[in-house]
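# Close look at the chain arrangement
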Amino acid sequence: MSTDVQRFPSLSHWGAFTAVVRAGRLLACEPFAFDSAPSPILQAMPGMVHSSLRICRPAVRKGWLQQRQASDRSARGSEAFVEVPWDTALELVAEELARVRGEYGNTALFGGSYGWSSAGRLHHARTLTHRFLNAGGGCVNQAGNYSWGAAQFLLPHVIGTHAPVTGRVTDWNNVVAHTGLFIAFGGLPLRNTQITSGGAGEHSAADWLARAAAVGVEFVVVSPTRSDVPAGTGARWIPIRPNTDTALMLAMVHTLIVGGLHARDFLQTHCVGFGPFSAYLLGETDGVAKDAQWAQGICGVPAAEIRALALRAAGTRTLLSCAWSLQRAHHGEQPYWASIALAAALGQIGLPGGGFAFGHGSMNGVGNPRPDVPGPEMSAGRNPTGRAIPVARLADMLQHPGEPFEFNGRTEVYPDIRMVYWAGGNPFHHHQDLNRLVQAWQKPQTIVVHESWWTPTARRADIVLPATTTLERNDIGGSSRDRFVLAMHQALAPHAQSRNDFDIYRELSAIAGHELAFTEGRDEGQWLRHIYASMRQSWRKAGIDAPGFDAFWEAGHWELPKPDRDFVLFEAFRRDPRVFALKTPSGKIEICSQRIAGFGYADCPPHPTWMAPVEWLGAEAAQRFPLHLVSSQPADKLHSQMDAGTVSRAAKIKGRERVLIAPADAARRAIASGDLVKVFNQRGACIAAAVVDPDTMQGVAIMSTGAWFDPAGPALERHGNPNVLTIDIGTSRLAQAPSALSALVEIEKWQGAAPAVRAFEVPEISGAPPSPPTRPA
Ligand SMILES: Nc1nc2c(c(=O)[nH]1)N[C@H]1C(S)=C(S)[C@@H](COP(=O)(O)OP(=O)(O)OC[C@H]3O[C@@H](n4cnc5c(=O)[nH]c(N)nc54)[C@H](O)[C@@H]3O)O[C@H]1N2
Ligand SMILES: Nc1nc2c(c(=O)[nH]1)N[C@H]1C(S)=C(S)[C@@H](COP(=O)(O)OP(=O)(O)OC[C@H]3O[C@@H](n4cnc5c(=O)[nH]c(N)nc54)[C@H](O)[C@@H]3O)O[C@H]1N2
Ligand SMILES: [Mo]
């Protein structure tokens, strides 16, 4: 082992870096030279890579080892594990897969495996899980994602594509040059722009905001917290009650109509359905005019301010951008549709610096000028069963096998799942109403998880296979929003007995007799060359010449050229709506959708509509639980990743996640900053540490997601995980996306001693199997 310092190029979702290694230990992660705003999360990596929470050897839950599928499944998460040799573990997994497939068919196997996994694309665990299960006959998959699931299924009906929510929006260049007013619904929190799925070479959001502010672009931030206003932009903050943006937007359109300011020509030539929508706004259909006064009563923004904002927007070049958070709520389809209708009424869609956009404050690289060519990609193959559930209907599926559900115009039936396979995700982080998931998780006979750390999901598996981290293998990464493609050189030997997900699946494929279908005959090195070559070939078609693989690998990165002209969303469609028709039924923007009308969904009517969410500050339930819980992305980690690391732990108070509340709400409850509090509702309770925050709107409680789930039973979670409080329902029957941001809670001061946090303890593990695994005859 070398005692000299060695340096390896690498990449994470929070940025590119150089791994500095000595004697087999990661000493530091130095930010990429081209990154002007590197993420502090990098500093958590050395501690996490060598953490005592790493899973060292394959482990099987004791009861499962003894009784297999007949074991007591309520013991998941509390029972001890038994470490077994790799050969035994692989044989157990292979046998169980074969048994479930043989007895119940491929649709008894749930392999959605939702989660972010690594930035490296070859070793992306979720992709490899699909690839492996698809090669073996398929499984039940998950459709859509937790990030922008409502938009993904709504937007194709309205504008013929969901590309804009993936970050393909009018370039920042163009905004800086042309935009007069930038309205950010959900704000522009720079903490979220630390992250790009697939990893970023450059963190560009802060730079672009500064450049826009410098040329006088006026920013307005509509959000329940002033902290969504980025420093230095001079943005005006408009506080709004959570989940009520639709009402505000409708009233802005109403203001335009009554002022005769709506873009009649554009609505005529480029849109369909403004007539019925405007009848609804004017109160012709239900007797209620959706005017500014009406909206004030819902969203809390003064009527005069709503009208002024609408007039200001009509008087200049205006870009409307909605954070992804707006659609992660009950009826989350509506604010997105309403923002498109508002942009259409302003008539600036397809013009430089105008129209609508999504996600400028949600992820790095949104609006970053980049040639429209793919990044590195690994194929998951095709799922032979063709079956998938909407991503967030996980607990519903487990609890209601054989029952019908509606989704985007179809009626489908939940499959009867006997076995769950998860690698690269943490459902006990990401899912809503975790106490409900604990129950649903007892339904499958067998659960297999690959993880690098003893996460809440790994602890709740029957068979746990230890996976390497990114630094322990070679990979290639990059994002379709970033101009850099990064080489990721193996910097460390695999921790303990951990193996690459790729190798685990290769061996399991060999046992099952479909190794070639999984590997296509390529090893790691051959795959890296193959992925690079495919990408390079599609770049060449776009006129971009990249170096050969060896030169790229040696250099550690390659930078795509800046595009020579601005991208303006729907520019061509604007110019000629016939030639460049949208992929909607009418070829135009559908402010009213006949197709959606045909679905007959009361919870997703044919045009943007204000419907009160199940839980919000205007609901009856607000009398018992008077605070709206906003569970945001964490500043100091990515979801649950690195929660046990130094950066995240430093931000905790008394070891708990923080909850931000307004001074008046704190005073009423005699709560001071630093106090431990119980945050609770009818679904659960958690302990958090209060921070009295003048930037948080009254009536709102803000918690970051990501604290590792640490229940002392269904009644109390000890660490501050907001997902014991959130509601597990679909946004509507159309998208069935998560409604994480529609939850009411109450908070009270914690009395007496609080139970210790145990999230970062390794489960009980015994070294050797007590007896050879019993094999049912
Ligand atoms: N209340 C509330 N809940 C939310 C949200 C919210 O706003 N509010 N947001 C939602 C959103 S948008 C998202 S995207 C989800 C995120 O949910 P997830 O993507 O599930 O969260 P992560 O913590 O990123 O989980 C990834 C897991 O993969 C593991 N992993 C990383 N690399 C590898 C690897 O190479 N191999 C293997 N086997 N494992 C690996 C990590 O250790 C980690 O445990 O959360 C959702 N949940
Ligand atoms: N540091 C860090 N960055 C991340 C992530 C992370 O885990 N850590 N996760 C990444 C992922 S996977 C995703 S999908 C994106 C998510 O990106 P978003 O969904 O945009 O992120 P959130 O933090 O949930 O919400 C952004 C802001 O919206 C505001 N907000 C919440 N509800 C409402 C509402 O009803 N109306 C209005 N007007 N505002 C509201 C909140 O104040 C919040 O600060 O973030 C990405 N960025
Ligand atoms: Mo996400």
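Calculation rules
Residues numbered from 1 in each chain as written. Chains lettered and ligands numbered in written order. Predicted model: local features only at pLDDT ≥ 70, side-chain atom pairs only at ≥ 80, totals over all residues. Heavy atoms only, no water. UniProt positions renumbered as here; feature names shortened; annotations may be inferred. Helix = DSSP H or I, 4+ residues; strand = E, 2+ residues; numbered from the N terminus. Rg over C-alpha atoms; globule rule 2.2 N^0.38 Å. Buried < 20%, exposed > 50% of the residue type's maximum accessible area, 1.4 Å probe, protein only. Contact = heavy atoms within 4.5 Å. Areas by Shrake-Rupley, 256 points an atom, 1.4 Å probe, with all protein chains shown as cover. Lys, Arg positive; Asp, Glu negative; His and termini not counted. Charge placed at Lys NZ, Arg CZ, Asp CG, Glu CD. Axes fitted to C-alpha atoms, helices over the stretch in contact; angles between N-to-C directions. Parallel < 35°, antiparallel > 145°, perpendicular 65-115°, else oblique. Nonpolar A, V, L, I, M, F, W, Y, C, P; charged D, E, K, R; others polar. Pairing = 2+ DSSP bridges. Near = heavy atom within 4 Å. Polar contact = N/O pair within 3.5 Å; in protein donor to acceptor, adjacent residues only side chain to side chain. Right-handed = clockwise from strand over helix to strand, strands pointing away. Phe/Tyr/Trp six-rings, centres within 6.5 Å; stacked < 30°, edge-to-face > 60°. Lys NZ or Arg CZ within 6 Å of the ring centre and 35° of its normal.

Per an unreviewed UniProt entry, the protein chain goes by Asp-tRNA(Asn)/Glu-tRNA(Gln) amidotransferase GatCAB subunit C and derives from Verminephrobacter aporrectodeae subsp. tuberculatae. The UniProt entry for the protein chain carries the following comment under Sequence similarities (unreviewed entry): "Belongs to the prokaryotic molybdopterin-containing oxidoreductase family." Taken from UniProt, the Cofactor (unreviewed entry) comment for the protein chain reads in full: "Mo-bis(molybdopterin guanine dinucleotide)".

## What to know about the overall build of the protein chain
A tally of helices and strands in the protein chain yields 25 helices and 30 strands. Taking 28 Å as the expected radius of gyration for a compact globule of 777 residues, we find that the protein chain reaches 26 Å, a close match to that expectation. Overall, the C-alpha framework of the protein chain stretches about 80 × 65 × 50 Å when taken along its three principal axes. Burial status across the protein chain gives 63% buried among its 777 residues. Relative to all contacts within the protein chain whose residues are 6 or more apart in sequence, the contacts with residues 24 or more apart total 75%. For the protein chain, the accessible surface area stands at approximately 26400 Å², while carbon and sulfur atoms represent 50% of it. For the protein chain, the centre of its 71 positive side-chain charges and the centre of its 69 negative side-chain charges are spaced 1 Å apart.

## Re the UniProt feature "domain: Molybdopterin oxidoreductase N-terminal" (unreviewed entry) in the protein chain
Within the UniProt annotation, "domain: Molybdopterin oxidoreductase N-terminal" (unreviewed entry) is assigned to residues 10-50. Between the first and last C-alpha atoms of residues 10-50 the distance is 17 Å; the span itself is 12% helix and 44% strand.

## What to know about the environment of Val20
Mapped onto the secondary structure, Val20 falls in strand E2 (residues 15-22). Sequence-wise, Val20 and Arg7 are 13 residues apart; in three dimensions their C-alpha atoms are separated by 4.7 Å. Beyond its immediate stretch of four places on either side in the chain, Val20 contacts Val5, Gln6, Arg7, Arg25, Leu26, Leu27, Ala28 and Glu30.

## Notes on the packing of helix H4 (residues 125-135) against helix H18 (residues 501-512)
Direction vectors running N to C along H4 and H18 enclose 10°, while the axes themselves pass 10 Å from each other. Accordingly, the angle class assigned to the pair H4 and H18 is roughly parallel. When H4 is examined against H18, the residues Ala125, Leu128, Thr129 and Phe132 are found in contact with a partner set consisting of Asp501, Phe502, Tyr505, Leu508 and Ser509. When its residues are assigned to classes, the contact of H4 with H18 shows 6 nonpolar, 2 polar and 1 charged.

## As for the sheet that holds strand E3 (residues 25-31)
Either a parallel or an antiparallel arrangement is found when strands of a sheet pair, and the pairing is made through backbone hydrogen bonds. Spatially, the 3 strands line up as an open sheet ordered E1-E2-E3, and their pairing is antiparallel. Two strands lie at the open edges of the sheet, namely strand E1 (5-12) and E3, each paired on one side alone. Within this sheet the neighbouring strands show an average axis-to-axis angle of 30°, counted without direction. Note that E2 and E3 share 6 bridges and pair antiparallel. If you follow Val21 over to E3, its bridge partner there is Leu26.

## As for the sheet that holds strand E28 (residues 700-704)
Here we have 6 strands rolled up into a closed barrel, ordered E24-E28-E25-E27-E26-E29, and mixed in their pairing. Pairs of neighbouring strands in the sheet enclose a mean axial angle of 45°, with direction left out of account.

## Observations concerning the site of ligand 2
Around ligand 2, 31 residues are found, and the nearest of them are Asp228, Asn243, Asp245, Arg328 and Ser362. Asp245 is positioned such that a nitrogen or oxygen atom in its side chain is 2.7 Å from a nitrogen atom of ligand 2. For ligand 2, a nitrogen atom lies 2.9 Å from a polar atom in the backbone of Lys637. For ligand 2, whose accessible area on its own is 920 Å², the fraction buried by protein is 99%. Going through the elements one at a time, strand E9 (218-223) and strand E24 (627-632) are the ones with two or more residues in the shell around ligand 2. Split by residue class, the shell around ligand 2 holds 14 nonpolar, 12 polar and 5 charged.

## Details of the site of ligand 1
Taken together, 33 residues are adjacent to ligand 1, and His430, Glu451, Ser640, Gln641 and Asn723 come closest. At a separation of 3.1 Å, a nitrogen atom of ligand 1 approaches a polar side-chain atom of Gln432. Of the residues contributing to the shell around ligand 1, the split by class is 8 nonpolar, 21 polar and 4 charged.

## Focus: the side chain of Ser113
With respect to the helices and strands, Ser113 occurs in the loop between strand E6 (109-110) and H4. Here the side chain of Ser113 touches Ala423 through a polar contact of 2.8 Å, landing on its backbone nitrogen. Sequence-distant contacts of Ser113, defined by excluding residues within four places in its chain, comprise Arg126, Thr129, Gln142, Tyr421, Trp422 and Ala423.

## Focus: the pairing of E9
Counting buried positions along E9 yields 5 of 6 residues, so the element is predominantly enclosed. Pairing between strand E8 (residues 181-185) and E9: 5 bridges, direction parallel. Its bridge partner being in E9, Leu181 is matched across the sheet by Glu218. A crossover connection joins E8 to the parallel E9 through helix H7 (residues 205-214); in handedness this β-α-β unit is right-handed. Examined bridge by bridge, E9 and strand E10 (residues 236-239) share 4 bridges and lie parallel to one another. Considered in E10, the bridge of Val221 is made with Trp237.

## Quick notes on the packing of aromatic side chains
Within this structure, the stated rule accounts for 33 aromatic pairs. Taking 4.1 Å as the distance between ring centres and 15° as the angle between the ring planes, the aromatic pair formed by Phe405 and Tyr414 counts as stacked. On the accessibility criterion, Phe405 (6% relative accessible area) is buried. In this structure an aromatic cluster arises from ring pairing among Phe110, Trp422, Phe428, Trp441 and Phe709. Arg54 extends its terminal NZ or CZ atom over the ring of Trp453, reaching a point 5.7 Å from the ring centre. For Arg131, the ring lying beneath its charged end belongs to Phe518, and the centroid distance is 5.9 Å.

## Here we look at the packing of helix H8 (residues 245-258) against helix H11 (residues 292-299)
Across the interface, H8 lies against H11 with an axial gap of 9 Å and an inter-helix angle of 170°. As the angle between them shows, H8 and H11 are arranged roughly antiparallel. Across the interface between the two elements, Ala247, Leu248, Leu250 and Ala251 from H8 touch Ala292, Trp294, Ala295, Ile298 and Cys299 from H11. For the contact of H8 with H11, the residue count by class is 9 nonpolar, no polar and no charged.

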